[in-house]
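Spelled out, the chains give:
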Amino acid sequence: LEQIIQAMEERRMIIITYHPERSTEPVTYEIYVYGLSRNQNAFYIVAWSRDAGAIRHFKLNRLLKIEEISDLRFEIPADFNLADHFKNSFGVYQG
């Protein structure tokens, strides 16, 4: 958690190994952490996924490891607001 918060505060990309719920194998993602959220006793990383080209939610207990905190820096879009992001969601699910 400390590395995630550090990457979020410093606006640095991180590379994670994550085990998606519907996957049999772990997957590596490059993400820009926008924030953290809690839903039903679980914590989620809210991040821009370079691989998906969109904001994704990563359940913290499915995170296997942080591969690297990159020197690559980013800016959160000025129009992004974490509370607004979840305004029309069902928990962490959107769409």
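Definitions and limits used
- The residue numbers shown here count from 1 along each chain, following its written sequence.
- pLDDT decides what is reported in this predicted model: residues at 70 or higher carry local features, side-chain atom pairs at 80 or more are listed and counted, and totals for whole chains, interfaces and linings draw on all residues regardless.
- Remark: hydrogens and water are excluded; side-chain values derive from all non-hydrogen atoms of the structure.
- At least two bridges found by DSSP between two strands is the condition for calling them paired.
- Per the convention used, a helix needs a DSSP run of H or I reaching at least four residues, while a strand needs a run of E reaching at least two, with both numbered from the N terminus.
- Geometry is summarised by axes, namely lines fitted to C-alpha atoms with helices restricted to the contacting stretch, and by angles between N-to-C directions that run from 0 to 180 degrees.

### Digging into the pairing of strand 2 (residues 27–39)
Right, on to step 1. Note: strand 1 (residues 12–18) against strand 2, 5 bridges, orientation antiparallel. Within the sheet, the bridge partner assigned to isoleucine 16 lies in strand 2 and is tyrosine 29.
Right, on to step 2. Two elements, strand 2 and strand 3 (residues 42–49), share 8 bridges in a ladder whose sense is antiparallel. Residue pairing across strands places glycine 35 opposite valine 46, the latter belonging to strand 3.
Right, on to step 3. If you look at the hairpin formed by strand 2 and strand 3, you'll find 2 residues sitting between the two strands, and glutamine 40 has a positive phi there, around 45°.

### Remarks on the sheet that holds strand 1
Right, on to step 1. Strand order across the open sheet formed by 5 strands is 4-3-2-1-5, with antiparallel pairing between neighbours. The two strands at the open ends of the sheet, each matched to only one other strand, are strand 4 (54–59) and strand 5 (63–73). Recorded for the sheet is a direction-independent mean angle of 45° between the axes of neighbouring strands.

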